[in-house]
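Chain and residue survey
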Amino acid sequence: MSEIIVEVDADIMELIPGFLNNRKKNLVAIEESMEAKDYEAIYQTAHKIKGSSALYGLADLSGLAKELEFAGRDKDLKKIEEYFNKMKEYLSQLKIESK
């Protein structure tokens, strides 16, 4: 498994552990919502990930969250599973470094 290295401003490096911990919690929430077929919760959680990831400069993660958000809105479980798995893999490979 290869690493995905993303550089962020040094000013926000101290916030990164909390950010990543929150994303792990989001993944658990999405997985639970998938089991319950709670598409609105999937949509809302993906929307939050999309916005916070963009603020931290993680464009690829934001893009995955956007696709997951759309899949939740459309109640497309196949796409939800696809983008959930892509997001989970991305986060498992992500390494954030200071610029």
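This text follows the structure it describes.
So, here's what we can say about the structure. The residue count restarts for each chain, going from 1 along the sequence in the order it is written. Under the rules for a predicted model, residues below a pLDDT of 70 receive no local features and side-chain atom pairs below 80 are neither given nor counted, while totals for whole chains, interfaces and linings still include all residues. To obtain the side-chain values, all non-hydrogen atoms of the structure were used and water was disregarded.

Some words on unusual backbone geometry
Negative phi values dominate among residues other than glycine, just as trans dominates among peptide bonds. We apply this condition: Only DSSP runs of H or I covering at least 4 residues are called helices, and only runs of E covering at least 2 are called strands; the numbering of each starts at the N terminus.
Within the chain, Lys 37 stands out as a residue other than glycine whose phi angle is a positive 55°. Along the chain, Lys 37 turns up in the loop between α1 (16–36) and α2 (39–55). Unusually for a residue other than glycine, Lys 75 sits at a positive phi of about 55°. Looking at where Lys 75 falls in the secondary structure, it is placed in the loop between α3 (59–73) and α4 (77–93).

Some thoughts on α4
As a reminder, the rule being used: Expected span, for any helix, means 1.5 Å times one less than how many residues it has. When accessible area is computed with a 1.4 Å probe and restricted to protein chains, residues below 20% of their type maximum are described as buried, those above 50% as exposed, and intermediate ones as partly exposed. Two residues qualify as a contact provided that any one of their heavy atoms is within 4.5 Å of a heavy atom in the partner residue.
When the terminal C-alpha atoms of α4 are compared, their 24 Å separation across 17 residues agrees well with the 24 Å that a helix rising 1.5 Å per residue should span. Residues of α4 that are buried include every one of Ile 80, Tyr 83, Phe 84, Met 87, Tyr 90, Leu 91 and Gln 93, and no others. Against the buried residues of α4 lie β1 (4–8), α1, α2, α3 and β2 (94–98).

Observations concerning the packing of α3 against α4
The test is simple: Axis angles are defined between N-to-C directions and span 0 to 180 degrees, where every axis is a line fitted to C-alpha atoms and, for a helix, only to the segment in contact. Any angle that is under 35 degrees is reported as roughly parallel, and any over 145 degrees as roughly antiparallel; angles of 65 to 115 degrees are reported as roughly perpendicular and all others as oblique. Crossings are classed by handedness, with left-handed meaning an anticlockwise turn of the near helix from the far one by less than a right angle and right-handed meaning a clockwise turn. Basically, the charged four are Asp, Glu, Lys and Arg, the nonpolar ten are Ala, Val, Leu, Ile, Met, Phe, Trp, Tyr, Cys and Pro, and anything else, Gly included, counts as polar.
The geometry of α3 relative to α4 is characterised by a closest axis approach of 8 Å and an angle of 160° between their N-to-C directions. In terms of their interaxial angle, α3 and α4 are classed as roughly antiparallel. Seen along the crossing, α3 lies across α4 with a hand that is left-handed. Counted together, Asp 60, Leu 61, Leu 64, Ala 65, Glu 67, Leu 68, Ala 71 and Gly 72 of α3 and Lys 79, Ile 80, Tyr 83, Phe 84, Lys 86, Met 87, Tyr 90 and Leu 91 of α4 form the full contact between these two elements. Tallied by class, residues from the contact of α3 with α4 come to eleven nonpolar, one polar and four charged.

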